[in-house]
Amino acid sequence: MVSNKAVFIDRDGTLNHDPGFINRPEDFSFYEGSVKALKDISELGFQIFIVTNQSGLGRGYIKESDLAKVHDKIRVELRKNGINISGILVCPHLPEDNCLCRKPSPYMVKCAADKHEISLPDSFFIGDRESDIKTGKNAGCKTILVLTGNGRETLRKSDIRPDFVVEDIREAVTILGA
Ligand SMILES: [Mg+2]
Ligand SMILES: [Zn+2]
């Protein structure tokens, strides 16, 4: 049986500029090279999931309908480039909600893995924060810290040990392809 593998990728600071809460499509812009990187990841045979904490929803800073528009923009732009992502997984809760899904909980990753029959040890989690690396470790994936977004601060302040540290999502592709 062929095992499915996936790359779970944080959104803000990993794929796109992070100006704080993004509630309009025009405020969302991919880093240069992110779309090409996602294309390469997809061509390497990985399913792609975006996994994002959006506490702005729970705080009332972002409406669900606005987030849907932002995510539609992402899907459209990726589809234009021949990339189909398998899902955008969102935790809308505040830290103090103590929900099941908020990263570093592996809940969203594990649910997606069950549904899509993904082998987590063959999969990767890529992100710029400690919570991303913890999510990957908690789910049993390999982990890659990018130094975009909050990545440099994570590297400096956190004692978490990602499996790999790379400049950005483009460089992460070289690890996935190795
Ligand atoms: Mg991030
Ligand atoms: Zn949640």
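Shown above is the structure to which this text applies.
Residues numbered from 1 in each chain as written. Chains lettered and ligands numbered in written order. Predicted model: local features only at pLDDT ≥ 70, side-chain atom pairs only at ≥ 80, totals over all residues.

Undergrad: Would you take a moment to explain the pairing of strand S4 (residues 124-127) for this structure?
TA: Remember that side chains alternate between the two faces of the sheet whenever the strand is regular. Burial of S4 is two-sided: the residues Phe 124 and Ile 126 facing one way and the residues Phe 125 and Gly 127 facing the other way are all buried. Bridge count between strand S1 (residues 6-9) and S4: three bridges; the pairing is parallel. Each residue of the ladder has a partner; that of Ile 9, found in S4, is Ile 126. One crossover worth recording links S4 to the parallel strand S5 (residues 142-146) by way of helix H5 (residues 130-139), and it is right-handed. (Buried ≥ 20, exposed ≤ 12 C-beta atoms within 10 Å, placed from the backbone. Helix = DSSP H or I, 4+ residues; strand = E, 2+ residues; numbered from the N terminus. Pairing = 2+ DSSP bridges. Right-handed = clockwise from strand over helix to strand, strands pointing away.)

Undergrad: In this structure, what is going on with the sheet that holds S1? I would like to understand it.
TA: Strand pairing in a sheet relies on backbone hydrogen bonds, with the paired strands running either antiparallel or parallel. One open sheet accounts for six strands, arranged S3-S2-S1-S4-S5-S6; its pairing is parallel. Of all strands in the sheet, those with a lone pairing partner are strand S3 (87-91) and strand S6 (164-166), marking the two edges. The mean angle between the axes of side-by-side strands here comes to 20°, regardless of whether they run parallel or antiparallel. Note that S5 and S6 share three bridges and pair parallel. Bridge pairing links Ile 144 to Phe 164 in S6. (Axes fitted to C-alpha atoms, helices over the stretch in contact; angles between N-to-C directions.)

Undergrad: Would you mind going over unusual backbone geometry with me for this structure?
TA: With the exception of glycine, most residues fall at negative phi, and the peptide bonds are largely trans. With an omega of 15°, the peptide bond running from Lys 103 to Pro 104 counts as cis. For Pro 104, the location among the structural elements is in the loop between S3 and helix H4 (107-116). Backbone geometry places Asn 98, a non-glycine residue, at a positive phi of 50°. With respect to the helices and strands, the residue Asn 98 is situated in the loop between S3 and H4. Assessed through the 9 C-beta atoms surrounding it within 10 Å, Asn 98 is described here as exposed. Backbone geometry places Glu 117, a non-glycine residue, at a positive phi of 50°.

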